[in-house]
Amino acid sequence: MLELRGLRKTFNPGTPNEVRSLQGIDLDIEDGSFVIVVGTNGSGKSTLLNAAAGTFYVDQGSIRIGAHDVTQWPEHRRAKFIGRVFQNPFSGTAPNLSIAENLALAARRGLPRGLGWALNGSLRESLSKEVSRLNMGLEHRLDNVIGSLSGGQRQALTLLMATWRRPDLLLLDEHTAALDPKSAEQVILVTEQVVARHKLTTLMVTHSMHQATTLGDRLIMMHRGNIIHDFRGAAKRRLRVPDLMSHFEEVRRAEQLDETAAELIRTAYV
Amino acid sequence: MTLLIGALSIGLILSLLALGVFLSFRVFAFPDITADGSITLGAAVAATLLVRGVDPVLATAAAFVAGMLAGAATGTLHTRFKINGLLSGILVMTALYSVNLHVMGKSNVPLLSSTTLVTRAERAVVSLMGGATSFNLLGWEVAARDAGALAASFAAIVMVAAILYAFLRTNLGTAMRATGDNDQMVRALGVSDKTMITMGLSLSNGLVALSGALLAQYQGFADVQMGIGMVVWGLASVIIGEALVGVRQLGPVITGTIMGSVLFRLLVAIALRWGLNPNDLKLITALFVFLALIVPRFIGRGFTGKSGRKKSQAAHA
């Protein structure tokens, strides 16, 4: 279970570039829940995921994963509980290492890394079996450097790496945004299979309204560092793309009203 | 023949330096110039212990450990105190100059009457040859000392390269290689990139110091100035090695780096034999590395005036 309490994060505080990315986020995610995160650009979606992953420390609030308060843990220590897939397909793999070596690294996430061989016969056999599930023919290319693969192939492998050792929390940060439609579809299919097979607690950021409505059992919408909608259960199942679009339209109108109010104040007083 | 054997021996000994530079520059993409100080540190530690009668194997091992400490200092400055990598290396290298003088107690320590790995190798060859101090090889007179030094250097380098290759294929070694490739990924996989960089620089400078220890024993002295320009020398060897093997797989790259060092030393020996002024050696080495770095860029541009990267972006657009 992921428990976020009063999370606040401001980037470049006290400067003209100050950005209040998280403004007191409270969120509980139950074990096995697949939560979709949507929101406008700059709403704090990726910041929320990065805060949970430990890419930076939050200014205020606490982060608990299961029984552990990880708020002050560095990123690599939190990785014991967290699997991640990034937006950029090149961020999740080491390009000059082979497919097998990349997967072998993932096979020891959260375990000590000593002087045992990174790759042995039994691990190689498991790798081949798991990679063949991706249906990309990569099981015959385990010794090829991963940098020679397409973005879609790398992203599917990153997903496999993130879930090789079952994470307590899987973070997917717009992981299909940089892929062509066919590759994106393939990666989403793999995502659904992996999450369902292992009942993974998942937090997935997406800009795709189709993915947002068809995937997951809960959806949260963010705006200006706050959670403004939280759909779960039947409400999430009923949610369709037009409904979601209307919620975005509400946000847009509210923004316009804010702008209009600001303009009136400027005209009247400045 | 003596010139050839000498060039081969020094080339092999300096291939340890090249392997160290390969680790820092290529594996970690870290411009670590600590090597200029740590090669002298290795020589200084080994020479000081040897003149005090310490066993050559122990003295050489101590040099390796000293080099590791120097690398750890650079790594710590960079990762824990957020000092730029190049500057971290400069700081440690500068400090090592004084450290080396303190270790040696003077600027030069001769090893003329000390038992070294080279004198041991010489004795082994003499004993094998039934007491003869030289032998005939293809019509050339070869001194037992030269043959022993070459054989010992070769054995040492093969052993170190094999251990390094094996280490880089372990869980720890693979994590180190991945850190240089993608630090964001290794953190997401539970590896502390800071620890990996510090350990990697330790190993790199340990190898460089080992090279210094063997070089001091080969040439019969340690000198506080002997490290000047050695990073560039190592880089030149790595570049030649990469050109020789042409692939980026671990085994061939390690072999290529050793071959690059030997070939570079042979080229230098030939150039000196043909009358190159020894004073110009560092200048020529620096020019060589400069050309090796710049020529691929021109090849990438196809001499059209556009950079390779821009061309590639244009192709994707």
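Residues numbered from 1 in each chain as written. Chains lettered and ligands numbered in written order. Predicted model: local features only at pLDDT ≥ 70, side-chain atom pairs only at ≥ 80, totals over all residues.

Caption draft 1: Region of interest: the overall build of chain B. Assigned secondary structure in chain B consists of 13 helices and four strands. Rg of the C-alpha trace for chain B: 20 Å, near the compact-globule value of 20 Å for 317 residues, within the 12% margin. Judged by the C-alpha coordinates and their principal axes, chain B covers about 75 × 40 × 35 Å. Considering only contacts in chain B between residues 6 or more positions apart, those separated by 24 or more positions represent 77%. (Helix = DSSP H or I, 4+ residues; strand = E, 2+ residues; numbered from the N terminus. Rg over C-alpha atoms; globule rule 2.2 N^0.38 Å. Contact = placed C-beta atoms within 7 Å.)

Caption draft 2: Quick look at the domain arrangement of chain A. Residue and element names in this part refer to chain A. For chain A, the domain assignment lists domain 1 (2-239) and domain 2 (240-270). The interface is formed by nine residues belonging to domain 1 together with seven residues belonging to domain 2. Secondary structure elements with two or more residues in the side of domain 1 that touches domain 2: helix H7 (209-214) and strand S9 (218-223). (Domains from an automatic or database assignment.)

Caption draft 3: Geometry of the environment of B:Ala216. Structurally, B:Ala216 can be placed in helix H9 (residues 193-219). For B:Ala216, the contacting residues outside a window of four places in its chain are B:Ala43, B:Ala46, B:Ala47, B:Leu111, B:Phe221 and B:Ala222.

Caption draft 4: Main features of the packing of helix H2 (residues 35-51) of chain B against helix H4 (residues 85-104) of chain B. All names here are of chain B. Contact geometry for H2 and H4: axes closest at 9 Å, N-to-C directions at 15°. By the angle class used here, H2 and H4 are roughly parallel. In the packing of H2 onto H4, the handedness of the crossing is left-handed. In this structure, H2 contributes Asp36, Gly37, Ser38, Thr40, Leu41, Ala44, Val45, Ala47 and Thr48 to the contact, and H4 contributes Val92, Met93, Leu96, Tyr97, Val99, Asn100, Val103 and Met104. (Axes fitted to C-alpha atoms, helices over the stretch in contact; angles between N-to-C directions. Parallel < 35°, antiparallel > 145°, perpendicular 65-115°, else oblique. Left-handed = near helix turned anticlockwise from the far one by under 90°.)

Caption draft 5: Structural detail: the sheet that holds strand S5 (residues 68-69) of chain A. Residue and element names in this part refer to chain A. If you trace the four strands from one edge of the open sheet to the other, you get S2-S1-S4-S5, paired in antiparallel fashion. Of all the strands in the sheet, just strand S2 (19-29) and S5 have a single pairing partner and so form its edges. Of the strand pairs in this sheet, strand S4 (residues 60-65) and S5 are connected by two bridges, and their pairing is antiparallel. Within the sheet, the bridge partner assigned to Ile65 lies in S5 and is His68. (Pairing = 2+ DSSP bridges.)

Caption draft 6: Inspection of the interface of chain B and chain A at higher detail. Every contact between the two is made by 19 residues of chain B and, on the other side, 25 residues of chain A. It is helix H7 (residues 171-181) of chain B that provides the largest number of residues to the side of chain B that touches chain A, a total of seven residues. Its residues assigned to classes, the side of chain B that touches chain A comprises seven nonpolar, seven polar and five charged. (Nonpolar A, V, L, I, M, F, W, Y, C, P; charged D, E, K, R; others polar.)

Caption draft 7: Structural detail: unusual backbone geometry. Residue and element names in this part refer to chain A. The phi torsion at Asn135 lies on the positive side, around 55°, for a residue other than glycine. One can find Asn135 in the loop between helix H4 (121-132) and helix H5 (151-164). A tally of 12 C-beta atoms within 10 Å means that Asn135 is categorised as exposed. Of note, Arg224 is a non-glycine position whose phi angle comes to about 50°, a positive value. Its location among the elements puts Arg224 in the loop between S9 and strand S10 (226-232). Note on Arg224: 17 C-beta atoms within 10 Å, which makes it partly exposed. (Buried ≥ 20, exposed ≤ 12 C-beta atoms within 10 Å, placed from the backbone.)

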